[in-house]
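An overview of the molecular structure
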Amino acid sequence: MASEKQEKIDEQLRPLYAELQKHGQTQDWDRALKVTKKILGVSSNEKKATQCKIICLMQLDKFDEALTTIVKNTADTADLIFERAYCEYRLNRIEDAFNTLKSVERELDEREQELFAQVLFKLEKYAECVESYRSLLKNNEDEYQSTRQANFIAALATWKLIDPSAKIKIESNDLSDETYDTTYNSACVLLTSGQYVEAESKLRKADAQCRRELEEEGDMAEDEISRETANIRVQLAYCLQQQDKNVEALTLYNDVLKSKPTDLAVIAVASNNLAVLNRDQNLFDSRKRIKTASAPETEPKLNAFQKKVVQVNEALLAIYTGQHEVARRILDKMVQKSDDTDDTIPLAKVSLLMKEKKLTEATQLLQDFIQSGKQKQVSIYCRLTYVQLLLAQGKVNQTCDYLRSDAELLVKPGIVATLVTLYNYLEDSKSAATVLNEAVDRLYNLDRTKGKTSRALAYLIKQNIIYQEKQGNAQRVTEMLEILHKLYPNDTTTLSKLIVHYLKSDPDRANLLAQKLPSIKQLAEGVDADMLESTFGKRVQKAEKTTEKTKSGDSKSTPATAVATNATKQKKRRKRKIRLPKKYDPSSKPDPERWLPLRERSYYRGKRGKRGKQAAIGKGTQGAVGSDQSATTTMTTATGAQRSMPTSKTTTGGATSTQPKPTPPSGKVAGNKRRGKH
């Protein structure tokens, strides 16, 4: 009975499997999925049908359902390691995919190795990812080689961006321009190395390659091409932004966002960088940009480094807009979530404390961070910020001690000059001289180990020579000149200075060095005497003429004195005849107030207007009768009294007003304003 039942089931399954094979060959996954369900409806233990169902679900991007099927049928799907890991990878369960591939005891096949490399990239284990892709490129040679190369370069670029201090070996054949993907990723490697000009040219080339390939396909409109090239143009805008070409970068960012790209990571990066370009201006627009960049749907598309940058910019924007508590909350949350040793978060906290004018707390925070030892290397920007905070509090001695303890900073000319200036401020010339000498010796030894001569060494030596000459340390000046002469043996200026110094201490050495000086014949080579005479001949003739005139005028004077006298005569201005006023009286004394304006002189009484009844015309209310001459005289007298009596006014009735009056400015009359032109 059992065998007959099995035969009936097999008869039903044969045409279904044939149909399934047909749909598989034509890649009609919907119909193939329906057939697998029919097969499993007839016999639920069909292993092949179960596996075919999983493949159909994956082809239809139904990864959640495919993974559920794999988990339910562990016995039938034990050998589907790649399919399970790929479903977990596509569902953004990166840790599960990593564990699935790691649990395989055998050696991973080609597909599983490529997926494992992608999983390592997502987990930001870039060192292992680079090595994995490097081995894949060496051991395989097929049509997917260009894709592997592009992914390998992308891993290199991101590793270099996340960890600039990492010693990454980049071989000559690592970077390629074969496709627009490899060209773009090669440009990203150059960007992380700070080679912005070379990166810009590669990005423009990648954009042209991408457009050419898409146009050759012939079925894409211009808007679709713009969306496809959005990531290249955003990276180009970033490259221009790093070169301070902000106007071009701003235009590119806006063009990309107007094209409405489908990649959320591109939108987030462009929005964040636009907010950075705004700085402390247009804060409303910056707030919208940061909100777009930090949206929940964009978070899975960004790596940890990009997320941190967006969050720090969000905190800085809150500081700009005066929302200090919001900024503090964001930064505290970042510290709790990550154990990152980067100095970005401490510097943002310092910015917040400085905005709140808490310099002591900001200084203590940076000091604790620098002395904690968690970070591999503290950036120069962080250390100089700490120095600035110390100087802002007037702690000059502590600043000098910190700078002198930092060997890396003491080989930079700007830092050495700052330290010398601070010691001069403290009137400690001995320490300043010691700093200069130590800096020169340290940089000289450093250049010798590298086998090259830096400009900074020559600059420090020259400054040390000037400083030691002021201090009167002739021996050290001679040593510095010797080093400078070894570095630049053809510099005759340095050689001549060295000879002058040796003349005082070691004449034999001076004579030996003097032999290296070029002879007069060597110096005269290439000098055209006729040209020199023709250039300066006219001036000589004028001098001879003036000499002859002086000789003929005064036979006792020498030619040299005659020329000098003539030169002084030419420099003197011609004296003009003094013109005196027509009514000038030499016996009378000049008016001491003649330089003051007429109104500000003590004897000025104003213009005498019309007298009598005509003086009252045009004054008072309309239709009023003018007062007599005695009234006008009384008003004039009262006006004159106001200058000498600023505090009270005497009336004709004899009563005294106690109301004070303001004192008029000096030199101005406190009377009624006069109308008309003066």
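Just so it is clear, the model here is predicted, and its values are computed rather than measured. Sequence order as written defines residue numbering, which begins from 1 separately in each chain. Owing to the predicted nature of the model, reporting of local features is limited to residues with pLDDT of at least 70; listing and counting of side-chain atom pairs is limited to 80 or more, with chain, interface and lining totals taken over all residues. Excluded from the side-chain calculations are hydrogens and water; all other atoms, namely the structure's heavy atoms, are used.

**Re the pattern of salt bridges**
Working definition: two side chains of opposite charge can pair if their charged atoms are close together. The working definition used for a salt bridge is a side-chain nitrogen of Lys or Arg within 4 Å of a carboxyl oxygen of Asp or Glu. On inspection of all chains with the given rule, the structure shows 22 salt bridges. Between aspartate 207 and arginine 211 there is a salt bridge whose closest N-O contact spans 3.8 Å. In this pair, aspartate 207 and arginine 211 both sit in helix H11 (residues 196-217), four residues apart, roughly one turn of the helix. Taken individually, aspartate 207 and arginine 211 each receive the classification buried, so the pair is uniform in this respect. Among the ionic pairs, aspartate 441 bridges to arginine 476, the shortest N-O distance being 3.3 Å. Taken together, the positions of aspartate 441 in helix H24 (residues 429-450) and arginine 476 in helix H26 (residues 474-487) put the pair 35 residues apart, joining distant regions of the chain. Only protein chains enter the accessibility calculation, which uses a 1.4 Å probe; a residue is then buried when its area is under 20% of its type maximum, exposed when over 50%, and partly exposed in between. Taking relative accessible area as the criterion, aspartate 441 reaches 34% and is therefore assigned partly exposed. Residue classification places arginine 476 among the buried residues on the basis of a relative accessible area of 13%. Each of Glu110, Glu114, Asp142 and Arg148 takes part in a single network of salt bridges with overlapping partners. Put simply, DSSP marks the helices as runs of H or I at least four residues long and the strands as runs of E at least two long, and each gets a number from the N terminus on.

**What about the packing of aromatic side chains?**
Ring pairs are drawn from Phe, Tyr and Trp, using the six-membered ring of Trp, whenever the two centres fall within 6.5 Å, and their geometry is named by plane angle: stacked under 30 degrees, edge-to-face over 60, tilted for the rest. On inspection of all chains with the given rule, the structure shows six aromatic pairs. Both rings, one in phenylalanine 63 and one in tyrosine 86, keep their centres 5.9 Å apart while their planes meet at 65°; by these two values the pair is edge-to-face. Here phenylalanine 63, found in helix H4 (residues 63-72), pairs with tyrosine 86, found in helix H5 (residues 81-90); they are 23 residues apart in sequence, far enough to count as distant. When its relative accessible area of 7% is taken as the criterion, phenylalanine 63 is described as buried. The partly exposed category is assigned to tyrosine 86, whose relative accessible area is 24%. For the pair phenylalanine 121 and tyrosine 126, a centre-to-centre distance of 5.5 Å together with 80° between the ring planes defines the contact as edge-to-face. Looking at phenylalanine 121, the relative accessible area reads 27%, which means it is partly exposed.

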